[in-house]
Amino acid sequence: MSIPNVPAAPAVPQLVDASGTGSEWLARYSDSLMGVFGTPQRVLVRGESCTVWDADGKPYLDLLGGIAVNALGHAHPSVVSAVTAQLNTLGHISNFFTSPPQIALAEKLLELAQAPAGSKVFFTNSGTEAIEAAFKLARRNSTGERTRILAMDHAFHGRTMGALALTAKPAYREPFEPLPSGVAHVPYGDVEALRAAVDGTVAAVFIEPIQGEAGVQVPPAGYLQAAREITRDAGALLVFDEVQTGIGRTGTWFASEGVLPDAMTVAKGLGSGFPIGGLITFGPEVSGLLAPGQHGTTFGGNPVATAAGLATLTEIGSGNLLAGVNTTGEYLRTGVAKVPGVSSVRGRGLLIGIDLEQEIAPAAVAAALDAGFIINATGPATLRLAPPLILTTDQAQSFIDALPAILQAAAATTIGQP
């Protein structure tokens, strides 16, 4: 769908004076914001394509993309134009009404997901909200003894209470127990363990096609198809969490492509930085589990967010962007694997996990920042890359060239090696 032609918006006044040093802004941050994220690593003030600049004027190559969110990089003209035009037309209307962008984006997602007739979309504002909707969908599949929900060991599905019940990490869970009950975890990627766990008491199984927060863990070939067969035979719903892996991140529209689940959650890259998520349900039976009044959202599916989603999908689908994701991802993995101090590299497309020979990953993140690169540690010896899908091989090479010195600096900081 095209955005209607509207008069050019007037110039927007700068509401925040962004002058000031990073240390000055961080002092103000600590005085005004909750400390749930710790101390921010930098104060960022501007972005363009794959580069961001901090308050002190230093540029960084963004190899994390807002944790797999900035699919088209920063300030992409198509997204800026779509959001601006939509805000200049219609911003928020509540879900007593709908809008053309909302309907068009739902139709496009169903098309890309190869969803059968009768499939539907519920829009949210984030990935964890999409998981909450899927959790309630699973509860609606509970009949008689069918009350249990299975998730995977090392899974991460979000931090709200339902999503947290599915998330496996004790440090995230324990401060907020008791969590919603009836959830158990089984080994990820183990077909026989899943087969043994799924019976007539299981309402749903939640699986990340690739576990991102666990360090980009890729399951064995055939695992997702086996999960489809096991859940179908038992009458359990199969829910794929594609919040991190979807929307082209792995070089295909969805990492689970070729296996049709009962439901799938999406978010992160869908809005190129604008908050949006969604639950896709496949077929009329599953799509009818949540009846009118059983779930809702104030902001989900608003015209501006869905316009951003449409612009994002249009750009990813144009040209050879998905092919480029695969090419650049392979280039990055191959180059990084040759760097001294790297023990293994894995992933698909531009979702990449890097295991180090030493437990220096947090220090490597800091050293990378000093060198002008934004990366992420998912464990003491594991780094994660999830850059914008528009990353070039030249930009990838600049990181490969810098990585030996980054790891050397990290080792010196962590364990005092020269």
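Going by the structure above, here's the rest.
Read on for an overview of the structure. (Residues numbered from 1 in each chain as written. Predicted model: local features only at pLDDT ≥ 70, side-chain atom pairs only at ≥ 80, totals over all residues. Heavy atoms only, no water.)

Turning our eyes to something else, we now look at the sheet that holds strand E14 (residues 376-379). Across the sheet, 4 strands lie side by side as E11-E12-E15-E14; this open sheet has antiparallel pairing. What marks the edges here is a single partner per strand, and that holds for strand E11 (342-348) and E14. Looking at each pair of strands side by side, their axes are set apart by 25° on average, direction ignored. With 3 bridges joining them, E14 and strand E15 (residues 382-385) adopt antiparallel strand pairing. Across the sheet, Ala-377 pairs through a bridge with Leu-383, a residue of E15. (Pairing = 2+ DSSP bridges. Helix = DSSP H or I, 4+ residues; strand = E, 2+ residues; numbered from the N terminus. Axes fitted to C-alpha atoms, helices over the stretch in contact; angles between N-to-C directions.)

A few words now on the environment of Thr-382. Relative to the helices and strands, Thr-382 is located in strand E15. On the accessibility criterion, Thr-382 (13% relative accessible area) is buried. (Buried < 20%, exposed > 50% of the residue type's maximum accessible area, 1.4 Å probe, protein only.)

Turning our attention to helix H3 (residues 77-87). Within H3, the full set of buried residues consists of Val-79, Ala-82, Val-83, Ala-85 and Gln-86. Considered in projection along H3, the buried side chains sweep an arc of 165° and stay on one side of the axis. Across H3 from its buried face, at more than 90 degrees, point the exposed residues Pro-77 and Leu-87. Looking at the buried side of H3, the elements it contacts are helix H4 (100-112) and helix H11 (303-317). (Arc of directions from axis to C-beta. Contact = heavy atoms within 4.5 Å.)

Right, let's get into unusual backbone geometry. Here the residue pair Glu-177 and Pro-178 is connected by a cis peptide bond, since its omega of 10° sits within 30 degrees of zero. Within the fold, Pro-178 resides in the loop between helix H7 (170-173) and strand E6 (183-186). One non-glycine residue, Ser-94, lies in the positive phi region at around 70°. With respect to the secondary-structure elements, Ser-94 resides in the loop between H3 and H4. Of note in this structure, His-154 is not a glycine but carries a positive phi near 70°. Locating His-154 in the fold gives a position in the loop between strand E5 (148-152) and helix H6 (161-166). When its relative accessible area of 61% is taken as the criterion, His-154 is described as exposed.

Taken together, the side chains of Met-34, Val-36 and Phe-37 define a hydrophobic patch exposed on the protein surface, amounting to about 440 Å² of accessible area. Within the fold, Phe-37 resides in the loop between helix H1 (22-32) and strand E1 (44-48). (Patch = residues over 30% accessible without salt bridge, like charges linked within 9 Å, V, L, I, M, F, W, Y side chains within 5 Å. Areas by Shrake-Rupley, 256 points an atom, 1.4 Å probe, with all protein chains shown as cover. Salt bridge = Lys/Arg side-chain N within 4 Å of Asp/Glu carboxyl O.)

The next subject is the sheet that holds strand E3 (residues 59-62). If you walk across this open sheet you meet the 4 strands as E1-E2-E3-E13, and the pairing is mixed. Since the sheet does not close on itself, it has two edges, and those belong to E1 and strand E13 (373-374), each with one partner. Where E3 meets E13, 2 bridges bridge the pair, whose relative direction is parallel. Bridge pairing in E13 links Asp-62 to Ile-374.

Glancing now at empty space enclosed by the protein. Inspection of the entire model under this criterion finds 2 cavities of 30 Å³ or more. What the largest cavity holds in volume is close to 50 Å³. Partitioned by chemical class, the residues of the lining of the largest cavity number 4 nonpolar, 10 polar and no charged. Estimated volume of the second largest cavity: approximately 40 Å³. Together, Ala-68, Ala-71, Val-243, Gln-244, Gly-246, Ile-247, Arg-249, Lys-268, Gly-269 and Leu-389 line the second largest cavity. Split by residue class, the lining of the second largest cavity holds 5 nonpolar, 3 polar and 2 charged. (1 Å grid on protein atoms, 1.4 Å probe; cavity = no way out; pocket = protein on both sides within 12 Å on 5 of 7 lines; lining within 4 Å. Points joined across faces, edges and corners; volume = space filled by probe spheres on them. Nonpolar A, V, L, I, M, F, W, Y, C, P; charged D, E, K, R; others polar.)

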